[in-house]
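# A structural walkthrough
Spelled out, the chains give:
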Amino acid sequence: MLQAIASRLASSLLVIVGSLALVFCIFYLLPGDPVLSMVDPTSVSPEVIENLREQLGLNRPFHERLLTYFGDMLTGDFGRSLVGSEPVLPKILHQVPATLLLTAASSLIAIVVGVALGVPSAVRKGGLIDFAARIVGLFGISMPTFWSGILLILIFSVQLKWLPAMGSDGWATLVMPALALGFVGAGSIVRMVRGSMLEVLGEPFVTTLRAKGLRERLVQYKHVLRNALIPAVTLIGMQIGDMLAGTVIIETVFSRQGVGRILADAIMAKDLPVVQGVVFFTAIVYVGINLLVDLSYAAIDPRIRRRGAGQ
Amino acid sequence: MKTGLEVKELTIDVHTPRGTLTAVSEISFDIAPGETVCLVGESGSGKTIASKAIMRLTDYENGRIAGGHIRLGGQSIESLPDHLVRGLRGRRIAMIFQEPMAAFDPVFTIGSQIVETMRAHRREKKSVLQQEGVELLRRVGIPEPELRMKQYPGELSGGMLQRAMIAMALSGGPELLIADEPTTALDVTVQAQILELLDELKESLGMSILLITHDLGVAAQMADRIVVLYAGRVAEQGPAAEVLTAPRHPYTSGLLNSALTQDIRRGERLRAIEGSPPGLADMPGGCRFHPRCAYASDRCRESVPPLSDQGSGRLAACWHADEAAAGAAAASFAAAVQPEVSRPLLQAALPVAAINGKASPILLEAQNLKKHYPIGGGWGRRKRVIHAVDGVSLSIAEGETFGLVGESGSGKSTLGRLLLQLESQTEGRVLYGGEELSPQGSRRWRETRRDLQIIHQDPYGTVDPRWNIGEIIAEPLGVHTKLTAAERRGRVGELLEQVGLQSSWQDRYPHEFSGGQRQRIGIARAIAVNPRFILADEAVSALDVSVQAQIVNLLQDLQRQLGLTSLFIAHGLQVVRHISNRIGVMYLGKLVEVAPSEELFRRPAHPYTRALLSSIPGSPQAGNETFTAKGEIPSPMNPPAGCRFHTRCPIATDLCRRAEPAFVSVGSGHTAACHYPL
């Protein structure tokens, strides 16, 4: 088992290095000059601009820049923002809790709603709950977050005045962004859990369980759900990743503090060091989620556990 | 007072997208305490749904009890409230199923699933129940029960799982055990062990058993009484011995004639029932068997025959029961007075070479064939090898039918695929007409595809459901011949008639045909390009008994007409005996015995062959304890050293554990790889 985790971690490192290199390349190929977005070329002399390029290392060849970049990163130096010239690392770390909180809250909503609706909708296929579940599924996957976010603001802030429309102080501000973001995940998870439950309900062992005289609740939740979760967990992992990515939009819609917001601003300003810092953070979280997914496989399914241990 | 189970005029409806259909109509039967009753029937007979209805498991499926009574010990089950039915399940009535591998929840340990069953019905400390579970596993003959309790279903073999399933069923101390095809998915030696266990448990615990089976041999061995179901109705019921020896319903005698037993002479045409069992949606009116019945009259077409008393506790639903009984008696008399082995049949039993007086040339030859599949490996894991086929040499003469038998995991299918070079061997050679079959994909290899054809087990899985059968059968013609479209159509028409279908059916799609008809389509495709050799890999194993007999007849006719050479692979020993000139027995990747068909059955030389034969339910040797194989086939990952059978062999010695036996001749054309041939 430990060996399996170690090999996962090794490949995770590759994922992180790869994504950083990719971002670097994209920025290298991108048209436009970051220096020109830092200063106003009409009021600053060309020498100053040239100096700034020299200072930032922008005029050196590609491979040299790439090597320096990874070298700096190994020593923990993520550079400074091109815009505010503050160090990147503290700037991001400061915002991490807010974004993680939002991602966690929306994941929780997505999983709870997904499972709570998915199970009964499979058990009572064609019933009222099944209908509700299919509506959630349909809306969840077809409504973009910025649209459902705005809708929520219109209803709960503008009309009902129950919740604040923006900001990131206190729990009240978390409710609507988490709902908007979680709804998307819930949509896919409901569909997955429902389909996977239906499949497991058709397995012969379910008949055995009933023939043993087990209570239906035990059959459904202890046995069928656990088997049905095996494929669903993969999707849940991917959905959490998507929700993390979704914070870029939702933090902007609700004017929340957060890493996503920083990223949106940094991309607009072509602020490479900041973008790279955020990518680094996102890649780590993503890899972490994947590792958790793999571990939860093993927790749910003994066959994977035993295989992982080399029998 | 216990009165056992009483089923009276039970009718079950099923809801389908096409509306409500009746799966079971007014069936009645009783099971007395301590009695074993067999429900015998083919697919669609309603035997499984009827057995599920007894526990009201139909509530969870699309079935509904539409009429009649089910009583256990006088208590009505059909109208019992849900929570009381649940109290019955697993306690007073328990059930075991066809596929033990699929009948356990794969993510919980065996122990926790057994303990869970007990906790559903009584309050007791977990440690006490745990200990009880261990005792139950020990009771059903599972070695190291403490360890098994902690294992997951995937870690046990099929036979062990079925034993564990029985242990779980016993945990509530049931009055009635329902066993739905409990041994169909198991190997024949394991089947014998499980049946024996069931019988022993019934004796010692005094429970009743309702055994559902399609296998008349199993019914003959186990049943006190037999209930024959056809298309959702009881055709006949009565004491087992009488129903099986003097059937009073034409369907029962048809089934008996279709089933291959040792009494049927090899190569003889089987008296199969025409057609196939009807589907739920197209039940014939009147007597449901009339379209397939030789005795059918207008009366049969118009009105349903009631289940009427035939004397001595027997019931049959037939307007012509007396005629049918007389006909069956005449047929069995005729079979009995025929000379022991007639001359042409004796010849058929010998290799073709012996008949012609000159050696007929070898068509296909395997020389020391090996196929090893590597598995595992990767990051820090040990790489292991499955020895699927491990050094097999055999030759098949032109015009010969070579049968290959063995339990699952013996490597017989892999060997077949190697012979056709559908897979490439790890070691060894395959010679076709004296020439080495070229590597896969080469031009020469593609040309030989025309000569070497295959008939698969699953006739539906091996055709494209979006093609009509004309296209399916014509495809090989398009690859290997230069026929025009019209000529191809003509040829397909011929082929369809040759396999007993109508030439005008070319535009129909596979789903419009029954299982037996689809297998005929598979056969038509295989013979389309006039092959010289056909591999039939479990070609009749998935079919109903009555249909299986038709296909066996068809295969034999075609073989004779077309002069085909073939390799016939099956786990059903009687089928192989019936159709083959010579038989090879495989065990764990090795050929252990080769002999002419009759000879193998009359004088098996290898202890494994002997064990296989004595495991056939209803065979003369059945229940002969001196020659049963112990335990189950070991993993082909690390086969035992020396003779591979020594771990299960009743006469193994030190020599067998050390040295691998070579093939020795024990008779004309009869060889066995054993240190102590019998």
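Just so you know, the residues in each chain are numbered from 1, in the order the chain's sequence is written. Chains and ligands are labelled by the order in which they are written, letters from A for the one and numbers from 1 for the other. Given that the model is predicted, a residue must reach a pLDDT of at least 70 before its local features are reported, and side-chain atom pairs must reach 80 or more before they are shown or counted; all residues, however, enter totals for whole chains, interfaces and linings. As a convention, hydrogens and water are excluded, and side-chain values are obtained from all of the structure's heavy atoms.

A few words on the overall build of chain B. The helix and strand tally for chain B stands at 25 helices and 24 strands. For the radius of gyration, the atoms used are the C-alpha atoms, and the globule rule reads 2.2 Å times the number of residues raised to 0.38. At 26 Å, chain B has a C-alpha radius of gyration in line with the 26 Å of a compact globule built from 678 residues. The 678 residues of chain B split such that 55% are buried. Whether two residues touch is decided by their heavy atoms; if any such pair falls within 4.5 Å, the residues are in contact. In chain B, of all internal contacts separated by at least 6 residues, the share reaching a separation of at least 24 is 66%. For chain B, the computed accessible surface area is about 27,900 Å², with 51% contributed by carbon and sulfur atoms. Secondary structure elements are defined from DSSP: runs of H or I of at least 4 residues count as helices, runs of E of at least 2 residues count as strands, and each element is numbered from the N terminus. Three labels apply to residues, based on accessible area from a 1.4 Å probe with only protein chains included: buried if under 20% of the type maximum, exposed if over 50%, partly exposed otherwise in between. A 1.4 Å probe and the Shrake-Rupley method give the accessible areas. Residues count as covered only by the protein chains that appear here.

On to the packing of aromatic side chains, then. Any pair of Phe, Tyr and Trp rings, taking the six-membered ring for Trp, is counted once the centres come within 6.5 Å. Such a pair is stacked with planes under 30 degrees apart, edge-to-face with planes over 60 apart, and tilted for the rest. Taken as a whole and assessed by the stated rule, the structure comprises 12 aromatic pairs over all chains. Aromatic pair B:Y251 and B:F289: ring centres 5.2 Å apart, planes at 65 degrees, arrangement edge-to-face. Of this pair, B:Y251 sits in helix α11 (residues 250–258) while B:F289 is found in the loop between α11 and α12 (298–302), placing the two residues 38 residues apart along the sequence. An identical accessibility class is assigned to B:Y251 and B:F289; each is buried. Among the aromatic residues, ring-to-ring pairing joins A:F24, A:Y28, A:F62, A:Y69 and A:F70 into one connected group. The rule for a charge over a ring is simple: NZ of Lys or CZ of Arg within 6 Å of the ring centre, and within 35 degrees of the ring normal. Against the face of B:F108 rests A:R226, its NZ or CZ located 4.7 Å from the ring centre. Above the plane of the ring of B:W319 lies B:R299, whose end atom (NZ or CZ) is 3.8 Å from the centre.

With that settled, consider the pattern of salt bridges. Each salt bridge in this description consists of a side-chain nitrogen of Lys or Arg and a carboxyl oxygen of Asp or Glu lying within 4 Å of one another. Applying the stated criterion across every chain, the model contains 40 salt bridges over all chains. In this structure, the salt-bridge partner of B:R56 is B:D82, at a minimum N-O distance of 3.2 Å. Residue B:R56 is located in the loop between α1 (47–54) and β4 (63–72), and its partner B:D82 is located in helix α2 (residues 82–88); the two are separated by 26 residues in the primary sequence. Among the residues examined, B:D82 registers a relative accessible area of 54% and is labelled exposed. Taking the shortest distance from any N to any O, the salt bridge between B:E435 and B:R444 comes out at 3.4 Å. Judged by its relative accessible area of 43%, B:E435 falls in the partly exposed class. Judged by its relative accessible area of 28%, B:R444 falls in the partly exposed class. Linked through salt bridges whose partners overlap, the residues forming this network are A:D130, A:R134 and A:R194.

Along the chain, B:I12 falls in strand β1 (residues 5–16). Remark: the alpha-carbon pair of B:I12 and B:A53, spanning 41 residues in sequence, is separated by 8.0 Å.

Values of pLDDT, which run from 0 to 100, indicate the predictor's confidence residue by residue. Per-residue pLDDT for chain A has a mean of 85; in total, 97% of the residues score no lower than 70. Mean pLDDT across the elements of chain A ranges from a minimum in helix α13 (residues 302–308) of chain A, with 69, to a maximum in helix α9 (residues 204–211) of chain A, with 94.

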